[in-house]
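# Coordinates in review
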Amino acid sequence: MPARQDISSILIIGSGPIVIGQACEFDYSGTQAVSALKEEGYRIVLVNPNPATVMTTPGLADAIYAEPLSADYVREIIAKERPDAVLPTMGGQTALNLALELYEAGTFSEFGVEMIGATVNAIRLAEDRGRFKQLAGELGIEVPNSALIGDLEAALEFKGQSGLPIIIRPSYTLGGQGGSIAETEAEFAELISNALAVSPVHQALVEESLVGWKEYELELVRDKADNTAVICSIENIDPMGVHTGDSITVAPAQTLSDREYQQMRLAAMNIMRKVGVDCGGSNVQFAVDPDTGRMIVREMNPRVSRSSALASKATGFPIARCSAKLSVGYTLDEVVNEITGKTVSSFEPALDYCAVKVPRFELKKFPHGHTQLGTQMKSVGEALAIGRTFPEALNKAVCAAEIGYEGLEELDMGYDGLDKMLETAHPLRLWAAYTVIRREGKRAIAALSTKTGFDPWVLYNLSEIAEVEEELADAGSLHSGSNSGEPGFDLLLRAKRAGLTDRRIARRFGMSAAKLTALRLSLKLQPGYHLVDTCAGEFSAETPYFYSTYGEIDEGDPLGSEAVLIIGSGPNRIGQGVEFDTGCTLASLSYRRRGIKAVMINSNPETVSTDFNISDRLYLEPVHPEFVQSVLQKEGIRKVVVQLGGQTPLNIAEELADSGIEVIGTSVAGIQRTEDRRQFSELMTSLGIRQPRNLTALSVVQVHEYAAEIGYPVLLRPSFVLGGQSMSVAFTEKELELLLHTQLEVDEQHPVLVDQFLEDAFEYDLDLLCDGQNVYIAGLMQHIESAGVHSGDSACVFPAYKTSTEKNQEMYRVATTIARALEVKGLLNIQFALKDEELYVIEVNPRASRTIPFLAKASGVNLVDAAVHVWTGGNLEELGLCTDGFGVGTPLEKWAVKEAVFSFERFERLDPLLSPEMKSTGEVMGSGDSLGEAFLKAQAAAGSTLPKEGAVFVSVHDKDKATILPIVQELSEMGFHILATRGTAEYLFTHGVFPEVVLKLHEGRPNLADYLRSGKVQAIINTPMGQFSQHDDEQVRIQAVKLRIPYTTTSTAAWATLQGIRYARTQQKLVRPLHLSKDLSRN
Amino acid sequence: MQKQVFLVLDDGSLLKGIAFGAVAPTVDEAAKQAEAGIGEVVFNTGMTGYHEILTDPSYIGQLVLMTYPHIGNYGDHEDWSESEVPGIGAAGLIVRSVYRGAVPAGRESLHSFMERRGIPGISGVDTRALTLKIRTSGNQKGMIVSPSEADTLSNAETAACITLLTGYPDMEGRDIVSQLQERREAALDQGLDEGKTAQKAEPARYSKKKNLHVALIDFGYKANIKRELIHRGCRVTILPAGVSRREVDAIGPDAVLLSNGPGDPAVLGGPIQLASDIGKNYPLFGICLGHQIISLAFGAQTYKMKFGHHGLNHPVRDEESGRVYITSQNHGFAVSGEALLPEGLELWMKNANDQTIEGIRHRKKRIASVQFHPEAAPGPYDTLWVFDEFLSIAQGGN
Ligand SMILES: Nc1ncnc2c1ncn2[C@@H]1O[C@H](COP(=O)(O)OP(=O)(O)O)[C@@H](O)[C@H]1O
Ligand SMILES: Nc1ncnc2c1ncn2[C@@H]1O[C@H](COP(=O)(O)OP(=O)(O)O)[C@@H](O)[C@H]1O
Ligand SMILES: [Mg+2]
Ligand SMILES: [Mg+2]
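## Focus: the pattern of salt bridges
Residue and element names in this part refer to chain A. Scanning the entire structure with this criterion turns up 86 salt bridges over all chains. Between E933 and K937 there is a salt bridge, with the nearest N and O atoms lying 3.6 Å from each other. Placement of the pair is E933 and K937 together in helix 31 (residues 931-941), with a separation of 4 residues, close to one helical turn. Per residue, the accessibility class of E933 equals that of K937, and both read buried.

## Regarding the state of the cysteines
Summed over the entire model, instances satisfying the criterion amount to 0 disulfides over all chains. No disulfide involves C535 of chain A; its nearest neighbouring cysteine sulfur is the one of C232 of chain A, lying 15 Å away.

## Points about the interface of chain B and chain A
Accessible area lost upon the coming together of the parts is a frequently used measure of interface size. Counting from both sides, the interface comprises 50 residues of chain B and, opposite them, 54 residues of chain A. Summed over both sides, the interface between chain B and chain A buries roughly 4,200 Å², with carbon and sulfur atoms accounting for 49% of that surface. A per-residue breakdown of the area chain B buries against chain A is headed by R96, R128 and Y381 of chain B, which together make up 18% of the total. Counting across the interface, chain B meets chain A through 8 salt bridges. Between R317 of chain B and D333 of chain A there is a salt bridge, with its nearest N and O atoms 2.9 Å apart. At the surface where chain B touches chain A, the tally comes to 25 residue pairs in polar contact (both at pLDDT 80 or more). Looking at the side of chain B that touches chain A, the elements that each hand over two or more residues are helix 4 (127-137), strand 14 (302-318) and strand 15 (324-335) of chain B.

## Focus on the nonpolar core
Residues I10 and I12 of chain A are the most contacted members of the largest nonpolar core, which totals 94 residues. The dominant element in this core, judged by the number of residues it contributes, is helix 30 (residues 863-871) of chain A, at 7 residues. The residues touching I10 of chain A, leaving out its near neighbours within four places in the chain, are L37, Y42, R43, I44, V45, P83, A85, L87, I116 and V328 of chain A. Core analysis: the second largest hydrophobic core is formed by 77 residues, A383, V468 and L500 of chain A together with F20 of chain B among them.

## Points about the coordination of the magnesium ion (ligand 3)
Tetrahedral metal sites with four donors have an ideal angle of 109.5 degrees; octahedral sites with six donors have ideal angles of 90 or 180 degrees. All names here are of chain A. Around the magnesium ion (ligand 3), the protein contributes the donor atoms Q285 (OE1) and E299 (OE), at 2.2 to 2.7 Å from the metal centre. Residue Q285 is located in strand 13 (residues 280-288), and its partner E299 is located in strand 14 (residues 295-301); the two are separated by 14 residues in the primary sequence. The buried category is assigned to Q285, whose relative accessible area is 4%.

## What to know about the side chain of R323 of chain B
With respect to the helices and strands, the residue R323 of chain B is situated in the loop between strand 14 and strand 15. The class of R323 of chain B is buried, set by a relative accessible area of 16%. Reaching out from R323 of chain B, the side chain makes a polar contact with the backbone oxygen of D226 of chain A at a distance of 3.2 Å. A polar atom in the side chain of R323 of chain B sits 3.0 Å from the side chain of N227 of chain A. Contacts of R323 of chain B, omitting those with residues within four sequence positions, involve A225, D226, N227 and R273 of chain A together with V316, R317 and D318 of chain B.

## A few points about helix 11 (residues 319-327) of chain A
Residue and element names in this part refer to chain A. The buried fraction of helix 11 amounts to 9 of the 9 residues, a majority that puts the element mostly inside the structure. Taken together, the buried positions of helix 11 are occupied by I319, A320, R321, C322, S323, A324, K325, L326 and S327. Contacts made by the buried residues of helix 11 are with helix 1 (25-38), strand 4 (85-87), strand 10 (214-222), strand 11 (228-236), strand 13 and helix 10 (306-315). The positive-phi residue at the C-terminal boundary of helix 11 is G329, with phi of around 105°.

## Some thoughts on the coordination of the magnesium ion (ligand 4)
Residue and element names in this part refer to chain A. Bound to the magnesium ion (ligand 4) are the protein donor atoms Q831 (OE1), Q831 (NE2) and E843 (OE), situated 2.2 to 2.7 Å from the metal. A residue pair is termed long-range when its members are at least 10 positions apart, and Q831 in strand 31 (residues 825-835) and E843 in strand 32 (residues 838-845) qualify at 12 residues. Overall, the relative accessible area of 7% leaves Q831 in the buried class.

## Remarks on empty space enclosed by the protein
Roughly 250 Å³ of volume is contained in the second largest cavity. Contributing to the lining of the second largest cavity are 22 residues, with Y261, E348 and P349 of chain A together with M47 and T48 of chain B lying nearest its centre. Contributions of two or more residues to the lining of the second largest cavity are made by strand 11 and helix 9 (258-275) of chain A together with strand 14 of chain B. In terms of residue count, strand 11 of chain A provides more of the lining of the second largest cavity than any other element does, 4 residues in total.

## Quick notes on the environment of P120 of chain B
Residues and elements named next belong to chain B. Along the chain, P120 falls in strand 8 (residues 120-123). What makes P120 buried here is its relative accessible area of 0%. Counting along the chain gives 83 residues from P120 to G37, while the straight-line C-alpha distance between them is 5.9 Å. Contact partners of P120, with chain neighbours within four places excluded, come to F20, A22, V23, A24, A36, G37, A91, G92, L93, M114 and I144.

## Points about the sheet that holds strand 26 (residues 728-730) of chain A
Residues and elements named next belong to chain A. Taken together, 4 strands build an open sheet; the order of strands is 24-27-25-26 and the sheet is antiparallel. The open sheet has two free edges, formed respectively by strand 24 (694-697) and strand 26, since each of these has just one partner strand. The average angle at which neighbouring strand axes cross in this sheet is 30°, direction not considered. Against the sheet, helix 26 (residues 700-710) contacts strand 24, strand 25 (714-718) and strand 27 (752-756), and its axis sits at roughly 170° relative to strand 24.

## Some details on the pairing of strand 7 (residues 166-170) of chain A
In the case of a regular strand, side chains alternate between the two sheet surfaces. All names here are of chain A. The buried fraction of strand 7 amounts to 5 of the 5 residues, a majority that puts the element mostly inside the structure. The side-chain alternation of strand 7 yields two buried faces, one formed by I166, I168 and P170 and the other by I167 and R169. With 3 bridges connecting them, strand 7 and strand 8 (residues 180-182) associate as antiparallel partners. Each bridged residue has a counterpart across the sheet, and for I166 the counterpart in strand 8 is A182.

What counts and how
- Residues numbered from 1 in each chain as written.
- Chains lettered and ligands numbered in written order.
- Predicted model: local features only at pLDDT ≥ 70, side-chain atom pairs only at ≥ 80, totals over all residues.
- Heavy atoms only, no water.
- Salt bridge = Lys/Arg side-chain N within 4 Å of Asp/Glu carboxyl O.
- Helix = DSSP H or I, 4+ residues; strand = E, 2+ residues; numbered from the N terminus.
- Buried < 20%, exposed > 50% of the residue type's maximum accessible area, 1.4 Å probe, protein only.
- Disulfide = S-S within 2.5 Å.
- Contact = heavy atoms within 4.5 Å.
- Buried area = accessible area lost by both parts, 1.4 Å probe.
- Polar contact = N/O pair within 3.5 Å; in protein donor to acceptor, adjacent residues only side chain to side chain.
- Core = buried A, V, L, I, M, F, W, Y, C linked by side-chain atoms within 4.5 Å.
- Donors = N, O, S within 2.8 Å, 3.2 Å for Na, K, Ca; no water.
- 1 Å grid on protein atoms, 1.4 Å probe; cavity = no way out; pocket = protein on both sides within 12 Å on 5 of 7 lines; lining within 4 Å.
- Points joined across faces, edges and corners; volume = space filled by probe spheres on them.
- Pairing = 2+ DSSP bridges.
- Axes fitted to C-alpha atoms, helices over the stretch in contact; angles between N-to-C directions.

Right, here's the structure in full:
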């Protein structure tokens, strides 16, 4: 049957900002859906306020709205665009929930919009844990013993029957948010109330504990003719009790017999049928008792998911793309398998390799006892690696996760520490198990398996890695001292087949990695590349998607030196997320449009860049020098793009250049002049550009000395860090001492940079394009939070909103000077601070920055495409971006605001105070005719609703009182009830505002916390007093995050909030599509 | 200790690997009695089900290469065997990596199972390279062979292997079914009654149907075919491949099912004749080889495929309903194209990938057959309904 003719335009709902539990996998699924449906001739309308995504790139969908994902805004879009159908299954839980809300509000029926992909009924059946349980029971499939509760009494009753531990899972939340395992009587009540609070329907499921059981996921697709296929099975290495998103997983399932697997498969298909998903993808999750084989179904998601993205990359079967086709009426046997080009999609991929996923956590950023994993997802990203065997894939995946390990390595730790890790669900538990096996050999397997719930099959495979390492160690020590201290061919081959990197092997022989690589190459030991072909070699494949292995056939002829390699950004992490994937993806498309072959290397399975349709060739490999070099050798490629993938590719640029590879764009020397602190200072001095005063300390004494010399407050940072990691501010000597005690290590190996901290300074981000001569200022953005809040965490406004034209001109001038001095070819990012009318350069990044995708969308210029134009020999004048050597980008609408989005809800008890260390996971944008409109939209898109009325709580630092006064005055005039703490209240009182005094937490009750809980506060203005804030402030912030109450910590933010509120009161809701202001595609 | 073993192909290629399972014969031993370790090399893309595959009688005379690299992960259990008779099943196993660690309680390791069963295995092989080779140049003959001394195969030994392989019968034109009968009889003499063990099926799990008496003609039937019939309340009588029309009449079954089995269907003159004979009076059904025999009996032709279908993921479209099912398959021969079907037969099902014939029905008679394995074992349960369809045809429905 052909695609449906009765609909002609389709609205696709995106998933909004990246948060823990909902990351760029939905950029991947959304982008696939857009292209799959557009090629069928439908008009595609997209709504997603996340500018960092590929899917929001103008030109991909027919109309793109970067507007808030809320019922009121989407209603406006529907009213304007009048789509015939809405596809809600591509944007995660956010899109599903929003679609349900719109359905219930009658919006779809009002405008005659049909839901495709999944019916309302199916969504409800799958999402409502209680009804789902009943449905599975009717199919004769076991479910965990559980009860749906809406209050504590009911929960207590269940506890009476089943006893502890009990799993608590709120209804309708994502990534297991608010879920927990209650192990003690003491914590039970609090955990229940938490769960009820986060559930939008105030419900939770209490459930028997299956901790320690094996956990599985199946990814399915089903069409309207009831054809169903299981695309992939995934086995969690971490047993039940650790969220799938946090588990190390392997595809396909490894330890199920055929009968067990077929029963699971049938159960999954029957569930999908009964739920009624009849034109799209779903995932069904199972638990299996390792002792009895008893199988229990846990849940199903009637949409594409993080796991389906993983499954797509693990198998080569594009689930989202196929689901999109099914949603418009195709059947599976009508959708061609693009990988083979011959076979149809109604089949189940056969793998002849293992695909292992390793999550990436930010334990350093979210410390404070959050190291134990649980039912609530905490990881911020993941890496996938493919290997011919599990050991190879596992080692590659760990390496790809870029968490400081070259693979699954032995930990330098005693048994006490190891035991603690093994007994709790520690993120390094598998490392701990490996360490024990490395020390004790295979005989440790049985006991380890009992202790950890890792399957003996997994542990046996670890023992095989350990054996190779042991042999390497033997060979290493045997030869040490003699002159033949190197591994022979056979041993080296075995080590490579086990997935050991050259660095790791070299260590055993006390030689440099470079030397080992040279030895390996002299032995002709190069990796072979296998195709990911969905069919284990049964059919020849057309789509070139590769992974490396050793000692086996090498498929695919080299593309040759005319092609370019684009180095991706690896797993998502705080500071390096989807925005860099967007850059890499767009660059690939841009090169290809120019007839140049583009090859992608990346390890992040969630991304669009690892879609096999994006590049001429895709290598799913760790973004690690050894793997990058091997791909270059295999393809005979001489040119690499390092500017777009964030810091990861930049870090290996020098190494690549040293081996004779051409780094496209700005030279490595230019890069180093910005990255190396000393060179950078010299450059600034020589150009006469002001920097905050800074000194590098090599000892604790020096830190004190320099701090005194520079003057407090000072900013401290370890010199090796990225993304503002471990940066902190000391306002006094005492604070400095505490920092040196608790957070900072200083010695010759760990120098600490001591910077003058610019207090209360405005911060700016400037991105520019340069072709060596011409400079195009892509945009100058002013931050809302003052310097000291990481640029990635601060809201920013394009164009600058509170600066004189002279200062803007000065920044352009300085930027141009720096760009020309560095001979930048491509992109450059500069951060400025303005304090007391003096301009300082805080940092220069010789690459595409986080803000490039935002600017590209806000200004309507495809900046990456322009960069590729420069890299392929063009200049900026040809593009119409510069005249007389210079140009400046302006916003499409008058104002665009980018707001940071955090995932603080994931970390209870974590203080959401902003600092120089970045903590946000995602971003959204809002634009409009006034700053108020843009700000309001950005806030709404970030999930915080600015109030139109109600009460505002104010408590500010003395120095902020004067600035805050007019803001509070206006709020009061608008009719807001003002609440304030005693000191602030007194100040306001003397200036004619009459607030109600609210007690601080320690002052008695009812206090602010009580006010917050009972919904008596609609917004908070609270500026803190230094790095080590009061316990009170912290509690208030935590509460506010939990209750999603708008919260501002600076006076500028309070001012912007006022603008937003003012606009909100006009009740206007204007929606405008993004578009291009400059069409570069003719060049 | 790990022992070296070799895989020699008839094109002269020599692959080194590590031995597991039964000890592979040396070339001298093989020359005396060429059974274990020698055969046509076929690849199977199933990611589970190695045990069922190894014990599937249709694999007699074949070395099975598993394309999935980790084999043996979950151990083995005799209850999963499709035939419990040693010698009735695959002649050898070729894998990338075999699991040698602990298996769940009550199971045995793949190594120990294959050792007991007399099946040699070779691991550490670049199975992908070999698969691609078979895909491009078609099935090859091969043998798993132990070196007579040390751990290399001498040139003379290799040459001897190749001679042996050249002399080894081609699958095309090969009648393995009679060989199977001999082994069955030998097993019976040793007290191993396959028919009985397959009765160890669970009790009927399907709604009451009229208790049909089905004669299952044994060309190398898989135990699960019998189980599925018993689950449906059938009484099953196993008849040997050489059974005569008179013997069938003597037991008077309600339906006759021709089983799967190894080898070239075209040379099975007796069974083809029998099928055309009994098809006149009995509801007649076939699975895999049985399907080919029925097709031949009613005037269709069969041919040897380049490398066949062996796996658990083959899409089959029911041409009447348009539904597509994921099926378990294992065949190297197929019924020739749709256009060549004789008058009396109509196409029932087709492979959605390569459009080969997967099922036929007789236009007038109660006759139907399928190329794939509705009984699964291993593989998906999507087409178990085919048994219901057979039984309902037998009862006069349709
Ligand atoms: N009954 C249970 N016993 C033990 N662990 C559980 C149980 N239910 C869920 N979990 C664990 O919690 C994780 C998250 O639960 P799930 O219901 O899948 O939430 P989400 O909707 O976030 O996917 C699972 O991956 C599993 O490891
Ligand atoms: N000297 C300074 N004074 C005030 N704030 C600073 C200073 N240096 C850095 N910051 C703040 O710290 C943040 C991170 O510092 P930056 O050097 O940009 O590191 P990163 O490499 O993480 O971007 C900046 O965005 C800014 O808000
Ligand atoms: Mg889940
Ligand atoms: Mg910065």
